[in-house]
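# Structural overview
So the chains spell out like this:
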Amino acid sequence: MNNAPEAHPHGAERLCDDGDRVYAHALQKGRIMRQEAEEAWCLVELALLHPDPVDMQWLLPTPPRVAMSRLLHGIQEDFAATHGRVTALAATFERFAGLDVRTGVSDEGLRVLDGRTRIEAAIDEATAACGTRMWAVQPDGIRREKILLKALPLAQEMARKQVQMRTLYTHVARHGPALAAYLDKLGGAVEVRTLDECIERLLLFDDAVAFIPVTADRSVAMEVRHPALINYLAIVFDRLWRLAVPFAEPVPALGGGEGVTHRERVIAALLAEGHTDAVIAQRLGLNVRTCRYHIAKLAAALGSSSRAQLGVRIAQAGMLDFPEPLRADSESQP
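Definitions and cut-offs
- Residues numbered from 1 in each chain as written.
- Predicted model: local features only at pLDDT ≥ 70, side-chain atom pairs only at ≥ 80, totals over all residues.
- Heavy atoms only, no water.
- Helix = DSSP H or I, 4+ residues; strand = E, 2+ residues; numbered from the N terminus.
- Buried < 20%, exposed > 50% of the residue type's maximum accessible area, 1.4 Å probe, protein only.
- Contact = heavy atoms within 4.5 Å.
- Areas by Shrake-Rupley, 256 points an atom, 1.4 Å probe, with all protein chains shown as cover.
- Pairing = 2+ DSSP bridges.
- Salt bridge = Lys/Arg side-chain N within 4 Å of Asp/Glu carboxyl O.
- Core = buried A, V, L, I, M, F, W, Y, C linked by side-chain atoms within 4.5 Å.

## A word on the overall build of the protein chain
In terms of regular secondary structure, the protein chain is built from 11 helices and 11 strands. Counting across all 334 residues of the protein chain, residues that qualify as buried make up 43%. Across the protein chain, the fraction of contacts at a sequence separation of at least 24, relative to all contacts at a separation of at least 6, is 69%. Working note: accessible area of the protein chain is about 17,500 Å², and carbon and sulfur atoms make up 54% of it.

Printed below as a string of structure tokens:
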């Protein structure tokens, strides 16, 4: 075959009929002749089929698990870039939003809220006015009971108004009993999903207003009312939501080392990137002591006696073939 047939115009998330049939056949048989794949050359373009290095007349199927991990990795890289753009945008416009000393409101629907009292007052006002949806990202790990108890009356009021409430947490939040009790009191009115890591805190009310942090300690926040930015943040949340695991379902197991837990698998990926214990703990919503405990368990499971050797063992165990987690930070204010 000298010239590859023209690929069908679609992505891997929705194969054409020919692609679906040929890929399934290749997986069942273990390989497929090049001639049999001519009607679905899109599979080669999408790297779902690749040449057999032993005999180039045959094509081998990429295992579904490997293909999915590769594609999710690209999606999550896009989300990481999106988070960086949102953070840069907030930092860039903080100075301009603060130029109007009379109101603190710019012509572009951005307002800087300096101090936790102003932030909480603005959030309470937006909560009271919310009528259709309230979406939130809470990347802080285990939720403290007093914070949830404080939020309960407002959540119950929104439930009474039939507001759609969705919240994203990190997987670590699953280990806090206060969160489960909080959800029980709301009787299923709040949908919760979790990820290995989340973007920074985000609160989105209707199509009207969003709150994002400006400083690392969240003592300064940005109130966003610009329609285009509100729409953009809603798209970011929705795509993260589709990747997240429902709270009622178990976190899927990840391979890469016998006796290695899901959390340790995620820590391994961050170690391989060269992050310190403190940074890893912050991104996963853990304290540093707990993080170091899991690193020690990981080292024992992989038979590593040093930090440098651990990085090599992580790679040898195939623990870097899965998607990277997304970013998360701490604190309860936006």
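Next comes the rest of the account.
## Side note on the sheet that holds strand β10 (residues 220-224)
Taken in spatial order, the 8 strands make up an open sheet running β4-β10-β9-β8-β5-β6-β7-β11, and their pairing is mixed. Each edge of the open sheet is held by one strand with a lone partner, namely β4 (110-114) and β11 (245-246).

## Focus on the pairing of strand β9 (residues 209-213)
On any regular strand, side chains alternate: one points to one face of the sheet, the next to the other face. Of all 5 residues making up β9, 5 are buried, and the element is well covered by its neighbours. The side-chain alternation of β9 yields two buried faces, one formed by V209, F211 and P213 and the other by A210 and I212. As paired elements, strand β8 (residues 202-205) and β9 share 3 bridges and run antiparallel to each other. Across the sheet, the residue bridging to F205 is V209, located in β9. Hairpin connection of β8 to β9: 3 residues between the antiparallel strands, including D206 at a positive phi of 50°. As paired elements, β9 and β10 share 4 bridges and run antiparallel to each other. Its bridge partner being in β10, I212 is matched across the sheet by M222. Turn length for the β9-β10 hairpin, with the two strands adjacent in sequence and antiparallel, is 6 residues, and the turn residue R218 shows positive phi of about 65°.

## Describing the pattern of salt bridges
Under the counting rule described, the total for this entry stands at 12 salt bridges. One salt bridge connects K150 with E120, and the closest N-O pair in it is separated by 3.7 Å. Taken together, the residues span a long stretch of sequence, with K150 in helix α5 (residues 145-160) and E120 in helix α4 (residues 116-129) at a distance of 30 residues. For R166, the salt bridge goes to E191, with nearest N and O atoms at 3.1 Å. With R166 in strand β6 (residues 164-170) and E191 in strand β7 (residues 190-195), this pair connects stretches of sequence that are 25 residues apart. Given the relative accessible area of 16%, R166 is considered buried. A single salt-bridge network, built from bridges that share partners, covers D18, R21 and E39.

## Focus: the nonpolar core
Membership of the largest hydrophobic core comes to 28 residues, with the highest contact counts inside it found for M134, M165, L179, Y182, F205 and F211. Elements represented by at least two residues in this core include exactly α4, β5 (133-138), α5, β6, α6 (177-185), β7, β8 and β9. Among residues more than four places away in sequence, those in contact with F205 are I123, A126, T127, C130, R133, M134 and F211. Of all hydrophobic cores here, the second largest spans 26 residues; its members include L168, L195, I230 and V236.

## Observations regarding the sheet that holds strand β2 (residues 49-51)
The sheet built from 3 strands is open, its strands ordered β1-β3-β2 with antiparallel pairing. Two strands bound the open sheet, and with one partner strand each, they are β1 (32-33) and β2. Looking at chain direction, β2 and strand β3 (residues 58-61) are connected through 3 bridges and run antiparallel. Bridge pairing in β3 places P51 opposite L59.

These values are about where atoms sit, not about what they do.
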